[in-house]
Amino acid sequence: MTKVNIMEFFPQYNKSDEVRIIELKALINKYDNAYYIEAQPLISDREYDSLFKELKELEQKNPNLVTPDSPTQRVGSDAIKEFERIQHEKPMLSLANTYSEEEVLDFDRRVREALPNEEIKYVAELKYDGVALSLKYRNGKLDCAVTRGDGFAGDNVTENVKTIKNIPLSIADVKMNGNEIQNFEVRGEVYLTEKDFLRINQFREETGEKTYANPRNLTAGTLKLLDPKLVAQRPLKFVCYYFDSDEIKRESHFDNIKLLKQLGFPVGESVKLCNNLDEVFNFINGWESKRNELAFQIDGIVLKVDSISQQEILGTVARSPRWAIAYKYEAENAQTLLKGITLQVGRTGIITPVAELEPVFLAGSTISRATLHNADYIKERDIRIGDTVMIEKGGEVIPKVIKVVLEKRQPNSVPYSFPEVCPCDLKSPISRLEGEASYLCTHPECPWQIRRRIEHFASRNGMNIEGLGEKVVEQFVELGYLKNVADIYSLHQHSEEIKNLDRWGEKSTVNLLDAIEKSKDTSFHRVLFSLGIRFIGEGSAKILAKHFKNIDKLKSATIEELNSVYEIGNKMAESVEQFFHNEKELEIVERLRTAGVNFQLKEEELVAKDMTLSGKTFVLTGELSSMSRGEAKSKIESLGGKVTATVSKNTSYVVVGDSPGSKYDKALKLGVQILNEEQLLEIINN
Ligand code: IVH
């Protein structure tokens, strides 16, 4: 990585905030491009963060200088109520699918018949399995982002799309035939890598939230979130495959892709200009075997006639262009023996049947287990132990059993009957809630649930107790040392026994007890997350901790109070309220508190919040519409700012309401920064 001393290139002395903001935006855009598009970082994360922080601070100081294309605007704007519907200038078409070489040959024949005696070149691209998106740029800036919708009109998801790091908010200066390219449309696909998909899904599962079947669904769900701040937490990516502009004459699709790259857009991992069908088939076959090496999912190849004028002659039929087709790969599948069906019990008691398979190689990895989802899934497909089953790794990253190979069924096989009891030692009856597909174990002492809850509590994102991993938790639950998370803090009472256990000794026991001791000091929001309250993930735990500041205030909060907290929805509010009305949970919380676990925001967390405006002096003049001057004063003071009566050159801001007095003129004379009410609210609410 090349180290760049930014200060050397951009000394800050004597520079107005405005100039520095422009410089910082250009620098950050350049480094974003290097990092997110070229995958070649130019500076360290630390240097990047420091530039970003500087920009943010300067913008906070000068709210009037914040532009929509500033990199700071990627963090997500405020929540919206619903998406506006926007008409596409040209419809967003879909592609006809083909599945065989013959069909590709047919396509080529049709193209040649329509364009007799012309030379035909094709462009072959990967078919990204994501969500189509149209981006409009005006005067070089991202103006509007719209989903495909029904092909004619889609949802305006601009605020969400601004959070996608590899989409330029403004573009590089590129000239074509002497003209700058400023107004144009780009289309492409938003997607998530498999790794990010798995990570997000796993996290959702742990927090009891709905999981998604594949990266495409999760991408679509994310783009439709009404809160851009939540979108910003998901590492969506974009790749483009279409460019259109009235400003320049476009002759070749391949050149368009090159132009997009020049303009700073991410283009496909592999885009090939093919002079003949042999090259097309090489591309198709080459990627069929290599597609498992990609970090993201593709479901085929797209083949396009390269010449735009030829595309225009070919035109479209029934919402698909005649100049392009998709060649779809078969979902990869394999046959193997279903050796058994085991049940998994989650932290919240949900029971998931799992297929135990004879290991088989599929789509780049060896598979020995696959999900069977729930009892209905098994029943509908009449899946029996001892059957040869077909497993598939298609759009879904987690392999699944799709069907039984009936020809190979053994004559003595019997239908599978779903167990009526939990697989744990208590063998308590399991039941299905009305309308739910999953069985649930509701026994409060189910050791499997206890294990999962303790694992979650001790996990890295939770209390981070090193040495208390899955195996140890299982062992300690079996030995009766742990019956709930509070017992962790009484483990020292068993230290002599632990020392003498197999694979344990003096040192490992002391280390574990030290780690447990250390965990008492975990920050409040992580303690809250560790409690495993349904629907409360890391993000919502942080919000609750920040809002209520300590466990007592949170415990006594009503559903209405919880609900009124920004970003805490109904389901979360109900779940929190239920948790703190459950005597067993309350007892555990009390035991944790007595053991010394931290249940409040720490001094520095409280101070950090309160001091946002420290060092800033405000003067208020004129009438404000959303609050009285007194209220504004106490709000500013509660954030560490000072409110004074007279304007001087040391005043940071003069807030100007309706019918301002002479303080306004003085501020203008002295060149003090002026804020209107809206800008003040923005500062306060940030
Ligand atoms: S071209 C008229 N190129 O596939 C041509 N589409 O079934 C329009 N897709 O809605 C699209 N990768 O969401 C094109 N390299 C690629 C693509 C691609 C994925 C998606 C796109 C489109 C769907 C068509």
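All of these numbers come straight from a predicted model, not from anything done at the bench.

### Topic: the overall build of the protein
Within the protein, the secondary structure is distributed over 26 helices and 26 strands. Restricting to contacts in the protein with at least 6 residues of sequence separation, those with at least 24 account for 68%. Side chains of the protein give 92 positive and 106 negative charges; the mean places of these two sets differ by 2 Å.

### Focus on the site of the ligand
Residues in close proximity to the ligand total 13 residues, the closest being Glu125, Leu126, Glu189, Tyr241 and Lys304. Note that an oxygen atom of the ligand is positioned 3.3 Å from one of the backbone N or O atoms of leucine 95. A distance of 3.4 Å separates an oxygen atom of the ligand from a polar atom in the side chain of tyrosine 241. Considered on its own, the ligand offers 520 Å² of accessible surface; in the complex 87% of this is hidden by protein. Of all the secondary structure elements, the ones that give two or more residues to the shell around the ligand are strand S3 (122-128) and strand S12 (298-305).

### Brief notes about the nonpolar core
By size, the foremost hydrophobic cluster in this structure holds 53 residues, and its most contacted members are Ile465, Phe476, Leu528 and Leu592. Counting residues per element, the ones that place at least two in this core are helix H13 (447-458), helix H14 (470-478), helix H16 (506-519), helix H17 (524-530), helix H18 (538-548), helix H19 (551-555), helix H21 (570-579) and helix H22 (583-595). Setting aside chain neighbours within four positions, we find isoleucine 465 in contact with Ala458, Ile488, Tyr489, Leu512, Ala515, Ile516 and Ser519. With 36 residues, the next largest nonpolar core counts Tyr137, Phe184, Val186 and Phe265 among its residues.

### Here's the deal with helix H9 (residues 253-262)
Of the positions making up H9, those classed as buried are His253, Phe254, Asn256, Ile257, Leu259 and Leu260. Structurally, the start of H9 carries an N-cap: the backbone nitrogen of phenylalanine 254 is 3.2 Å from a side-chain oxygen of serine 252. Among the residues trailing H9, glycine 264 stands out with phi positive, at a value near 100 degrees.

### Describing the pattern of salt bridges
Think of it this way: side chains of opposite charge can pair up when their charged atoms draw near. Here the structure, examined in full by the defined rule, presents 38 salt bridges. Across the salt bridge formed by aspartate 244 and lysine 90, the nearest N and O atoms sit 2.8 Å from each other. Note that aspartate 244 is positioned in strand S10 (residues 237-244) and lysine 90 in the loop between strand S1 (85-87) and strand S2 (96-98), a separation of 154 residues in sequence. Salt bridges sharing common partners tie together Asp382, Arg384, Asp387 and Arg409.

### Examining the packing of aromatic side chains
Counted under the stated rule, the structure contains 17 aromatic pairs. On the numbers, 6.1 Å between centres and 85 degrees between planes, the contact of phenylalanine 184 with phenylalanine 265 is edge-to-face. Residue phenylalanine 184 is located in strand S9 (residues 184-191), and its partner phenylalanine 265 is located in the loop between H9 and strand S11 (271-274); the two are separated by 81 residues in the primary sequence. Under the relative-accessibility criterion, phenylalanine 184 is labelled buried at 4%. Each ring, one from phenylalanine 476 and one from tyrosine 481, has its centre 5.5 Å from the other, and the planes form 55 degrees; the classification is tilted.

### Brief notes about the sheet that holds strand S24 (residues 642-643)
As summarised here, the arrangement of the 4 strands in space is S24-S23-S25-S26, forming an open sheet in which the pairing is parallel. The outermost strands of the open sheet, each flanked by one partner alone, are S24 and strand S26 (673-675). With 4 bridges joining them, strand S23 (residues 617-621) and strand S25 (residues 653-656) adopt parallel strand pairing. Bridge pairing in S25 places leucine 620 opposite valine 655. Running at roughly 170 degrees to S23, helix H24 (residues 629-638) makes contact with S23 and S24 of the sheet. The sheet contacts of helix H25 (residues 662-670) involve S23, S25 and S26, and relative to S23 the element is tilted by about 135 degrees.

Quick notes on the rules
Residues numbered from 1 in each chain as written. Predicted model: local features only at pLDDT ≥ 70, side-chain atom pairs only at ≥ 80, totals over all residues. Heavy atoms only, no water. Helix = DSSP H or I, 4+ residues; strand = E, 2+ residues; numbered from the N terminus. Contact = heavy atoms within 4.5 Å. Lys, Arg positive; Asp, Glu negative; His and termini not counted. Charge placed at Lys NZ, Arg CZ, Asp CG, Glu CD. Near = heavy atom within 4 Å. Polar contact = N/O pair within 3.5 Å; in protein donor to acceptor, adjacent residues only side chain to side chain. Areas by Shrake-Rupley, 256 points an atom, 1.4 Å probe, with all protein chains shown as cover. Core = buried A, V, L, I, M, F, W, Y, C linked by side-chain atoms within 4.5 Å. Buried < 20%, exposed > 50% of the residue type's maximum accessible area, 1.4 Å probe, protein only. Salt bridge = Lys/Arg side-chain N within 4 Å of Asp/Glu carboxyl O. Phe/Tyr/Trp six-rings, centres within 6.5 Å; stacked < 30°, edge-to-face > 60°. Pairing = 2+ DSSP bridges. Axes fitted to C-alpha atoms, helices over the stretch in contact; angles between N-to-C directions.

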